[in-house]
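Observations on chain architecture
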Amino acid sequence: MFSLLYPQQNSHRNVLDLSGLWQFQEDPHNVGVAQAWYNALPTPSSIAVPGSWNEQHERLRDYTDAAWYVTDAWLPQGWRGQRIFVRVGSANYFARVWVNGSEVGTHEGGHLPFGFDISPHVRWDAPNHIAICVDNTLRQDRLPPGGVGMGGGTSMLSGYPLTSYDFFPYAGLQRQVWLMGLPAVHIHDITVNTQFTRQNTGVTGTIEVSVQTNADYNGAGTIAVDGVSSVLYFQNGKAEGTLSIPNAKLWGPGHPHLYTLRVTLGEHDSYTLDIGIRTFAVKGDRLYLNDEPITLKGFGKHEDFAGSGRGLNLPVMVKDYDLLRWVGANSYRTAHYPYSEEAMQMADRHGVLIIDETPAVGLAFQFDPAIVKRHYELCVQATETLIERDKNHPCVIAWSIANEPVAGSFFAPPAPDSPAFKNGAQFLDNLIAHAKELDPSRAVTFAGMMISPSAWFANVDFICVNRYYGWYSMGGQLPPSQAAFAAEMTALHTQYGKPIIVSEFGADTVAGMHAQPPEMWSEEYQVEVIKFHLDFADAHPYIACMHIWNFADFKTAQGIIRMGGMNLKGVFTRDRRPKMAAHLLRSRWV
Ligand code: GCB
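Residues numbered from 1 in each chain as written. Predicted model: local features only at pLDDT ≥ 70, side-chain atom pairs only at ≥ 80, totals over all residues. Heavy atoms only, no water.

Regarding its fold elements, the protein presents 7 helices and 34 strands. Relative to the globule expectation of 25 Å for 590 residues, the C-alpha radius of gyration of the protein, 24 Å, shows essentially globular dimensions. Projected onto the principal axes, the alpha-carbon positions of the protein cover approximately 70 × 70 × 50 Å. A burial count over the protein gives 60% of its 590 residues as buried. Across the protein, every contact between residues at least 6 apart in sequence was considered, and the portion connecting residues at least 24 apart equals 70%. Where the 44 positive side-chain charges of the protein centre and where its 57 negative ones centre are 3 Å apart. (Helix = DSSP H or I, 4+ residues; strand = E, 2+ residues; numbered from the N terminus. Rg over C-alpha atoms; globule rule 2.2 N^0.38 Å. Buried < 20%, exposed > 50% of the residue type's maximum accessible area, 1.4 Å probe, protein only. Contact = heavy atoms within 4.5 Å. Lys, Arg positive; Asp, Glu negative; His and termini not counted. Charge placed at Lys NZ, Arg CZ, Asp CG, Glu CD.)

Laid out in structure tokens, this is it:
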């Protein structure tokens, strides 16, 4: 059982961040295990961790198979007596981990943390030899599926490397690797839920906390926020408590007030968590934050930058939050995978609302049933891990359990009575129900593509549609695009009466290309496309959110629809310079 609480140094807990230069070697023929590369790499090169390997060495750009990372680390003597864990923030895609020559575990799935108890294998009188084999082979039975094009087939539009999704299949140790020393009995998990009541005297916040320990602990503990505390009585490792905070400051965009929750476990352990007091609800066709209707303005994003690839790049992340503020955005979707834990911490601190997405992109239900079954298992695992990791962030208002699932071929969707159509409905309904059961306090949704059957939206809390009127559909024809968008939104609203989130819309734009009258690829055209969408949303409050695709230009596979191996729909360039559209947004949003 591995705790997903973010690593924390305090008087009970220890952490050591192993970021830095590691030894690296690709293993295209998978000989590393047989040749015991976990003891020593035959001909290593150097590589930065965190970071995607594809951007670091010329020979690695399109390399997506197995590769080894190795480093040595001393454990501080003060950690003796503790349980020692290795924690990997993100290994894309499949990882096997060895410590001092012993294999300690495997993990499937990029973008979410995992770890293992390595106590029996560590050394105190010599450095510890840590080896991680990361395999990113593009396979159809993985999530997201690779080695297969969008919609499950290939076409002249498929790129290289071949993926079912429109972003570069970056590989490697993309977030930090940590060693952690935890007390034998420790806090394994914390779940926080908040409510509030308004009286004449002010707002009273209610913080419900449940705590789980790693072992069958039966002693006492405490929870405390802002001088208000309560004793916890653990039975079989579980306890619950409630704190009432007078004159509470609510969390939200523009007022991201955070409280520090401190949890203690007698003499054994302690942990602090930044929390916000806020409520979120979907009522009728509107979203409500703290009982007030809220409209979301922002983007679909990517974790993507030159040099670091999809690797954690804190300066760029901080810069992005600054640009979100500059442009007047109050939210974004973590398209198309869970972002770093630091990105979620920043959203809490800056009052940015997050639609938190799993890596379930590129699902198609006409695949071989064994593949669909495997995708379902991987979706469940990713949904469970994501919710456990991010459930205490006030910034997260919704879980997106998939992006653009399709019933069949990209170009010829099957009929509503076909097995692919029905299997898709069942798959999504089950996943939505599972996410709601795990977290009843947030909305659950998925982002639908133009060819995703709208019947699949039956059980989502709000509808997310990715729409490319004026680009993939009716390219170059602004007035008909505007009319078609308006007609479709009106019909969807009439059918479901739920809030509609336009989770993607936009146009590829070459920075510096201009045209009057506006023409596709020019900055003027991007401005016009964004403008007609925003105008419609402004006049129709049931459009609860406009997320432009994309915040910034980002790397994709190479192909005939991706100039320079880039998706150019960013309102900022990849190096974060504003296009004309960014100024338009600032003039409307700030
Ligand atoms: C979509 C996808 C997104 C793509 C985008 C595009 O619908 O969800 O991943 O990048 O379209 O620009 O084609």
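From this point, the discussion proceeds with the structure in view.
Okay, a nonpolar patch on the surface next. Together, Met156, Leu157, Tyr472, Ile560 and Ile561 give the surface a local cluster of nonpolar side chains, amounting to about 530 Å² of exposed area. Considering the arrangement of structural elements, one finds Ile561 in the loop between β33 (554-555) and β34 (566-567). (Patch = residues over 30% accessible without salt bridge, like charges linked within 9 Å, V, L, I, M, F, W, Y side chains within 5 Å. Areas by Shrake-Rupley, 256 points an atom, 1.4 Å probe, with all protein chains shown as cover. Salt bridge = Lys/Arg side-chain N within 4 Å of Asp/Glu carboxyl O.)

For the rest of this paragraph, the subject is the environment of Ser340. Mapped onto the fold, Ser340 is located in the loop between β26 (331-333) and α2 (341-350). For the pair Ser340 and Pro113, spaced 227 residues apart in the sequence, the C-alpha separation amounts to 9.3 Å. Apart from residues no more than four positions distant in its own chain, Ser340 is found in contact with Arg175, Glu303, Leu312, Met317 and Arg389. Reaching out from Ser340, the side chain makes a polar contact with the backbone nitrogen of Ala343 at a distance of 3.0 Å. (Polar contact = N/O pair within 3.5 Å; in protein donor to acceptor, adjacent residues only side chain to side chain.)

So, about the sheet that holds strand β24 (residues 292-294). Pairing is antiparallel across the open sheet formed by 3 strands, whose spatial order is β22-β23-β24. For this open sheet the edge positions go to β22 (280-283) and β24, each flanked by a neighbour on one side alone. Each strand axis lies, on average, 40 degrees off the axis of its neighbour in the sheet, ignoring direction. Looking at chain direction, strand β23 (residues 286-289) and β24 are connected through 3 bridges and run antiparallel. Bridge pairing links Leu289 to Glu292 in β24. (Pairing = 2+ DSSP bridges. Axes fitted to C-alpha atoms, helices over the stretch in contact; angles between N-to-C directions.)

Per the counting criterion, the structure on display carries 31 aromatic pairs. With centroids separated by 5.4 Å and ring planes inclined at 40 degrees, the aromatic side chains of Tyr337 and Tyr339 adopt a geometry described as tilted. For the pair Tyr337 and Tyr339, a shared accessibility class is recorded, and that class is buried. Each member of the aromatic cluster is reached from another via a ring pair, and the members are Tyr165, Phe167, Tyr321, Tyr332, Tyr337 and Tyr339. It is Lys283 that lies over the ring of Tyr288; its NZ or CZ is 4.6 Å from the centre. (Phe/Tyr/Trp six-rings, centres within 6.5 Å; stacked < 30°, edge-to-face > 60°. Lys NZ or Arg CZ within 6 Å of the ring centre and 35° of its normal.)

Taken domain by domain, the protein consists of domain 1 (14-136 + 171-182), domain 2 (187-267) and domain 3 (282-589). A C-alpha centroid distance of 36 Å is found between domain 1 and domain 2. (Domains from an automatic or database assignment.)

This brings us to the site of the ligand. Around the ligand there are 13 residues in total, and Asp166, His336, Glu404, Tyr472 and Lys569 lie nearest to it. Within the side chain of His336, an N or O atom sits 2.6 Å from an oxygen atom of the ligand. One of the side-chain nitrogen or oxygen atoms of Trp549 is found 3.0 Å away from an oxygen atom of the ligand. A total of 320 Å² of accessible area belongs to the ligand in isolation, and the protein chains cover 92% of it. In terms of residue class, the shell around the ligand is made up of 4 nonpolar, 4 polar and 5 charged. (Near = heavy atom within 4 Å. Nonpolar A, V, L, I, M, F, W, Y, C, P; charged D, E, K, R; others polar.)

Here we take up α2. Of all 10 residues in α2, 7 are buried; the element is thus mostly enclosed. Considered for burial, the residues of α2 that qualify are Glu341, Glu342, Ala343, Met344, Met346, Ala347 and Asp348.

The strand order β3-β2-β4-β10-β7-β8 describes an open sheet built from 6 strands, whose pairing is antiparallel. Looking along the sheet, the strands with just one partner apiece sit at the ends: β3 (45-49) and β8 (102-108). If you compare each strand with its neighbour and ignore which way they point, the axes differ by 30 degrees on average.

Before going further, it helps to spend a moment on the packing of helix α5 (residues 478-496) against helix α6 (residues 523-539). Relative orientation and spacing of two packed helices are given, respectively, by the angle between their axes and the distance between those axes. At their nearest, the axes of α5 and α6 sit 10 Å apart, and the two run at 30 degrees to each other. When the interaxial angle is binned, α5 and α6 end up roughly parallel. Both α5 and α6 take part in a crossing whose hand is right-handed. Of α6, the residues touching α5 (which contributes Leu478, Ser481, Gln482, Phe485, Ala486, Met489 and Thr490) are Tyr525, Glu528, Val529, Phe532, His533 and Phe536. Classifying every residue of the contact of α5 with α6 gives 8 nonpolar, 4 polar and 1 charged. (Parallel < 35°, antiparallel > 145°, perpendicular 65-115°, else oblique. Left-handed = near helix turned anticlockwise from the far one by under 90°.)

Take the environment of Gly32 next. Structurally, Gly32 is set in the loop between β2 (20-26) and β3. According to the relative accessible area criterion, Gly32 is buried, its value standing at 0%. When residues no more than four places from it in sequence are discounted, the contact partners of Gly32 are Asp27, Trp37 and Trp68.

Turning to the pattern of salt bridges, a few remarks are in order. Taken as a whole and assessed by the stated rule, the structure comprises 32 salt bridges. In this structure, Arg374 and Glu108 form a salt bridge, with 2.8 Å as the shortest nitrogen-oxygen distance. Taken together, the residues span a long stretch of sequence, with Arg374 in helix α3 (residues 369-390) and Glu108 in strand β8 at a distance of 266 residues. Of the residues examined, Glu108 reaches a relative accessible area of 16% and is grouped as buried. In this structure, Arg175 and Glu303 form a salt bridge, with 2.9 Å as the shortest nitrogen-oxygen distance. Taken together, the residues span a long stretch of sequence, with Arg175 in the loop between β11 (172-173) and β12 (177-182) and Glu303 in the loop between β25 (296-300) and α1 (314-327) at a distance of 128 residues. With a relative accessible area of 3%, Arg175 lands in the buried category. With relative accessibility at 15%, the residue Glu303 sits in the buried group.

Below, the discussion takes up α6. Over its 17 residues, α6 extends 25 Å from the first C-alpha to the last, a length consistent with the 24 Å expected when each residue adds 1.5 Å. Among the 17 residues in α6, 12 count as buried, and that is most of the element. Among the residues making up α6, those that are buried are Glu523, Glu524, Tyr525, Gln526, Val527, Val529, Ile530, Phe532, His533, Leu534, Phe536 and Ala537. (Expected span 1.5 Å × (residues − 1).)

Across the two faces of strand β15 (residues 220-225) the burial differs, with Gly221, Ile223 and Val225 buried and Ala220, Thr222 and Ala224 not buried at all. In terms of strand pairing, β15 meets strand β16 (residues 228-233) through 6 bridges, oriented antiparallel. Bridge pairing links Ile223 to Ser230 in β16. In this structure, the hairpin formed by β15 and β16 is closed by a connection of 2 residues, where Asp226 is found at a positive phi of approximately 55 degrees. Two strands pair when backbone bridges link them, and β15 and strand β20 (residues 259-265) are joined in this way by 4 bridges, in the antiparallel orientation. Bridging from a neighbouring strand, Thr222 pairs with Thr264 of β20.

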